[in-house]
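Here is how the chains run, residue by residue.
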Amino acid sequence: MRHPRTLLSAALGLGLAAALGAVPATAATTANSPAAAVSSSYAAYEGSAEDAKATKAFFDAVVKSVAEQRAANPGAKAVTVVYNTSRAPSFRSQIAQSTQIWNSSVSNVRLQEGSAANFTYREGNDPRGSYASTDGHGRGYIFLDYRQNQQYNSTRVTAHETGHVLGLPDHYSGPCSELMSGGGPGTSCQNATPDARERARVNTLWANGLAAAIARIS
């Protein structure tokens, strides 16, 4: 049984795992098998109001956390979101690549590694796959699943999950050129870069510095 405050984390993890194909279909899967039941649950969750609400909750939590650190300088144009990789040592290379991709793609927010983190990366095994999680109070993390990162382009997985931190929702039916289409295009998709629409959306969310971002979640 989950505590009430962890339900949002579970829901968000469920949706993101589905987006990145954490439970791939196989010829041996039957309609009555546990895997089929889980896949059916994922399908029902994808694109739902709960999915959108969970993604927004993570973004809101990160903004609030950044706000606490940047209260003394709210008018800065580019906001810095700090992350920590100490609990995901196996993925430091992919995280660094993801950070470089996002920092070269958008101008109104920057990702930076540091100790006073607004969110953290973690690694391990989870049947849900990789996901973003938050308790809604400025403490969030991205979980990177070993198996999933072996099946899919690991930098794409990391950049996709980081996109949720920056405020982007999933768009499972999109093409490979869309980073937030996740596992929709299949394991052959190697793209780890947000497209023009996704870049514009992140810049809009963080436009005019932290004050505007805070206004959007008020």
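Reference entry: report on the structure contained in this document.

Rules of the game
- Here the residue numbers are simple positions, counted from 1 along each chain's written sequence.
- Residues qualify for local features only when their pLDDT is at least 70, as the model is predicted, and side-chain atom pairs are given and counted only at 80 or more; totals for whole chains, interfaces and linings, by contrast, use all residues.
- Only hydrogens and water are set aside; all other atoms, that is, all heavy atoms of the structure, feed into the side-chain values.
- Note on conventions: DSSP H or I runs of at least 4 residues are helices, E runs of at least 2 residues are strands, and numbering of each starts at the N terminus.
- Each pair of aromatic rings taken from Phe, Tyr and Trp, with Trp reduced to its six-membered ring, is defined by centres within 6.5 Å and is described as stacked if the planes are under 30 degrees apart, edge-to-face if over 60, and tilted in the remaining cases.
- Type-normalised accessible area, obtained with a 1.4 Å probe on protein chains alone, sets the label of each residue: buried when under 20%, exposed when over 50%, and partly exposed for intermediate values.
- Two limits define a charge over a ring: the Lys NZ or Arg CZ must be within 6 Å of the ring centre, and within 35 degrees of the ring normal.

**Let's talk about the environment of Ser115**
Then, number 1: By the secondary structure assignment, Ser115 is in the loop between strand S2 (109-113) and strand S3 (119-124).
Then, number 2: Taking the C-alpha atoms as reference, Ser115 lies 7.9 Å from Val82; in sequence the two are 33 residues apart.

**Description of the packing of aromatic side chains**
Then, number 1: Tallied over the full model, the rule gives six aromatic pairs.
Then, number 2: Aromatic pair Tyr83 and Phe119: ring centres 6.1 Å apart, planes at 40 degrees, arrangement tilted. Separated by 36 residues along the polypeptide, Tyr83 in strand S1 (residues 79-87) and Phe119 in strand S3 bring together distant segments of the chain.
Then, number 3: Taking relative accessible area as the criterion, Tyr83 reaches 5% and is therefore assigned buried.
Then, number 4: In textbook terms, an aromatic cluster arises when at least three aromatic residues are bridged by ring pairs, as seen for Tyr83, Phe119 and Tyr121.
Then, number 5: Over the face of the ring belonging to Tyr141 we find Arg122, whose NZ or CZ atom lies 3.7 Å from the ring centre.
Then, number 6: Sitting above the plane of the Tyr131 ring, Arg128 keeps its charged end 4.2 Å from the centroid.

The analysis is restricted to geometry; functional conclusions fall outside its scope.
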